[in-house]
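# Structural characterization, general
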Amino acid sequence: MSLARLVLLVVVCFLLSGGVHLLSRRFGWTRPRRLGRNKSLDPPTSEGGVAFLLAFLVCLAASVPYLESDLLLSPEEMRAHHLGLGAALVCLFAVGRWGDGKSHSHWIHLCALLVAGLILALSGFAIETLRVGSTVHALGVLSVPATILWLIVISEFFRLFDGLDGLLVSLVLGVIALQLGFVLEAEEGYARALCLAAVPALLGLLPWRIYPARIELRGIGAFLPGFVVGAISMAGREKAFTTKAVVAPTIAAIAVFSLFCLWLLEQHLFLPKRKG
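Within each chain, residue numbers correspond to sequence positions counted from 1 in written order. Thresholds applied to this predicted model are a pLDDT of at least 70 for local features of residues and 80 or more for the giving and counting of side-chain atom pairs; totals over whole chains, interfaces and linings are not thresholded and use all residues. The basis for every side-chain value is the complete set of non-hydrogen atoms in the structure, without hydrogens or water.

### Re the nonpolar core
- Among the nonpolar cores identified, the biggest contains 65 residues, and Phe 56, Leu 85, Leu 120, Phe 125 and Phe 227 are the most heavily contacted of them.
- Contributions of two or more residues to this core are made by helix H1 (3–26), helix H2 (47–62), helix H3 (75–101), helix H4 (107–122), helix H5 (143–159), helix H6 (167–183), helix H7 (189–209) and helix H8 (224–235).
- The helix count covers DSSP runs of H or I at least four residues long, the strand count covers runs of E at least two residues long, and both are numbered beginning at the N terminus. When residues in this core are grouped by element, the largest group, 12 residues, is from H7.
- In what follows, residue pairs with any heavy atoms lying within 4.5 Å of each other are defined as contacts. When near neighbours in sequence (up to four residues on either side) are disregarded, Phe 125 contacts His 81, Leu 85, Leu 120, Thr 147, Tyr 190, Leu 194, Ala 231, Met 234 and Ala 235. Only buried residues count toward a nonpolar core. Its members are Ala, Val, Leu, Ile, Met, Phe, Trp, Tyr and Cys residues joined through side-chain atoms within 4.5 Å. Burial classes: relative accessible area under 20% of the type maximum marks a residue as buried, over 50% as exposed, and values in between as partly exposed (1.4 Å probe, protein chains only).

The structure is reproduced here in structure tokens:
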């Protein structure tokens, strides 16, 4: 896919996210952001999840004619993977959104991830081997449970950053950039296509997520970017390096954010007020 088409997709995703935001405010599907301490936490709305899901599905459909050759997958298998990923994301959002609307416990999110992971595993995404030292073990019938477990872990990991404006989207963008730049080889055409489908959706949403965020990305919507990263990691070959690519930028971001918070506390709590 050419750079011009990627830029066009970024613009389309930005406008799509803005349209979702305007419609949500117009019909009361979301609540205005309230700063400060609240007595009770409002149930999350679907605004951010809808914006990311629609944008990613558009990019996924737009990438079908540009699927490049892959080391292990045929064009028919890659298209089947696309359909499976799209169906898994829609199922994940639908079940999770129902749980958010009813203010159910976190178990509803886990059930949604379980069903979506099963759909993804049946469509061809799978962790088929496990490397321990220099020995590679075939998982066999444990491949499907291992795939679902990895998707749950990676989705829950990224969901931890849903309350920090822009950080979740920025972290996912950083992981995908590492995948494209240092992990994925040229022969891994399908994994690279998934990365290029996720980038416009994330870049289009990012301006709406910069503080103060206009689009809410909580509840089941915060699981969707991590689920996409999990799918990309299974489409690639180097699973161990992928895990490091996820953890390293996250630790760096936490360290930078923590230092920034300490600086704010020092400025506003411990330093004397200036006169005048």
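### Focus: the pattern of salt bridges
- Salt bridge, as applied in this entry: a Lys or Arg side-chain nitrogen positioned within 4 Å of an Asp or Glu carboxyl oxygen. Evaluated as defined, the whole model comprises three salt bridges.
- For the salt bridge of Arg 79 with Glu 76, the shortest nitrogen-to-oxygen distance reads 3.7 Å. Here Arg 79 and its partner Glu 76 are both found in helix H3, three residues apart, which amounts to about one turn of the helix.
- Here Arg 79 falls in the partly exposed class, since its relative accessible area comes to 38%.

### Topic: a nonpolar patch on the surface
- Residues Leu 3, Val 7, Val 11, Phe 14 and Leu 15 make up a contiguous nonpolar surface patch of roughly 470 Å² in combined accessible area.
- Among the secondary structure elements, Leu 15 is positioned in helix H1.
- Classification of Leu 15 as exposed rests on a relative accessible area of 56%. Note on patches: the residues involved have over 30% relative accessible area and no salt bridge, like charges join within 9 Å, and the nonpolar side chains Val, Leu, Ile, Met, Phe, Trp and Tyr join within 5 Å. Accessible surface is estimated by sampling points in the Shrake-Rupley manner with a 1.4 Å probe; for residues, cover comes only from the protein chains shown.

### Some remarks on the packing of H4 against H5
- In this description, a line fitted to the C-alpha atoms serves as the axis of each element, helices being fitted only across the stretch in contact, and the angle between N-to-C directions of two axes falls anywhere from 0 to 180 degrees. Close contact between H4 and H5 brings their axes to 9 Å; oriented N to C, the two are set at 130 degrees. Compared by their axis directions, H4 and H5 come out oblique. Here H4 runs over H5; the crossing is right-handed. Seen from H4, the contacting residues are Leu 110, Leu 113, Leu 114, Gly 117, Leu 118, Leu 120 and Ala 121; seen from H5, they are Val 144, Thr 147, Ile 148, Leu 151, Ile 152, Ser 155 and Glu 156. Throughout this description, any angle smaller than 35 degrees is read as roughly parallel, any larger than 145 degrees as roughly antiparallel, any in the 65 to 115 degree range as roughly perpendicular, and the remainder as oblique. Crossing handedness: left-handed means the near helix sits turned counterclockwise from the far one by under a right angle, and right-handed means the same turn made clockwise.

### Comments concerning the side chain of Ser 123
- Following the sequence through the fold, Ser 123 ends up in the loop between H4 and strand S1 (129–132).
- For Ser 123, a relative accessible area of 17% translates into the label buried.
- Every residue in contact with Ser 123, bar those within four places of it in the chain, is listed here: Ala 80, His 81 and Gly 84.

### Topic: the confidence of the model for the protein
- Residue-level confidence of the predictor is what pLDDT reports, using numbers from 0 through 100. Predicted confidence across the protein gives a mean pLDDT of 79, with 76% of residues reaching 70 or more.
- Mean pLDDT in the protein bottoms out at helix H9 (residues 239–270), which sits at 56, and peaks at H2, which reaches 92.

### Some details on the packing of aromatic side chains
- Here is the rule: rings of Phe, Tyr and Trp (six-membered ring for Trp) pair when centre to centre is within 6.5 Å. Planes less than 30 degrees apart are stacked, more than 60 are edge-to-face, and the remainder are tilted. Here the structure, examined in full by the defined rule, presents five aromatic pairs.
- Measuring from ring centre to ring centre gives 6.0 Å for Phe 52 and Phe 56, while their planes differ by 10 degrees; the resulting arrangement is stacked. With Phe 52 and Phe 56 both in helix H2 and four residues apart, this pair spans about one turn of that helix.
- Take Phe 52: its relative accessible area is 2%, and that puts it in the buried class.
- The interplanar angle of 50 degrees and the centroid separation of 6.2 Å between the aromatic rings of Phe 125 and Tyr 190 together place this pair among those described as tilted. Here the residue Phe 125 occupies a position in the loop between H4 and S1, and Tyr 190 occupies one in helix H7, the gap between them amounting to 65 residues. Side by side, Phe 125 and Tyr 190 carry an identical accessibility label, which is buried.
- Site record: aromatic cluster; members linked through ring pairs are Phe 157, Phe 158 and Phe 161.
- Lying across the ring of Phe 27, Arg 26 places its NZ or CZ 5.4 Å from the centre. Two limits define a charge over a ring: the Lys NZ or Arg CZ must be within 6 Å of the ring centre, and within 35 degrees of the ring normal.

### Examining the state of the cysteines
- Cysteine sulfurs are considered disulfide-paired once they come within 2.5 Å of each other. The tally for this structure, following the rule as stated, stands at zero disulfides.
- Cysteine Cys 13 shares no disulfide, and the gap to the nearest cysteine sulfur, in Cys 59, comes to 3.5 Å.
- Owing to a relative accessible area of 1%, Cys 13 belongs among the buried residues under this scheme.

### Describing H4
- Here, expected helix span is obtained from the residue count minus one, scaled by 1.5 Å. With 16 residues, H4 should cover 22 Å at 1.5 Å per step; its first-to-last C-alpha distance of 23 Å lies within 8% of that length.
- Within H4, the full set of buried residues consists of Ile 108, His 109, Ala 112, Leu 113, Ala 116, Gly 117, Leu 120 and Ala 121.
- Positive phi shows up at Gly 124, right after H4, with a value of about 120 degrees.

### Some points on the packing of H7 against H8
- The contact between H7 and H8 brings their axes to 8 Å, and the two run at 160 degrees. Taken together, the axes of H7 and H8 lie roughly antiparallel to each other. Remark: the crossing between H7 and H8 carries left-handed chirality. In this structure, H7 uses Tyr 190, Ala 191, Leu 194, Cys 195 and Ala 198 to contact H8, whose residues at the interface are Val 228, Ala 231, Ile 232 and Ala 235.

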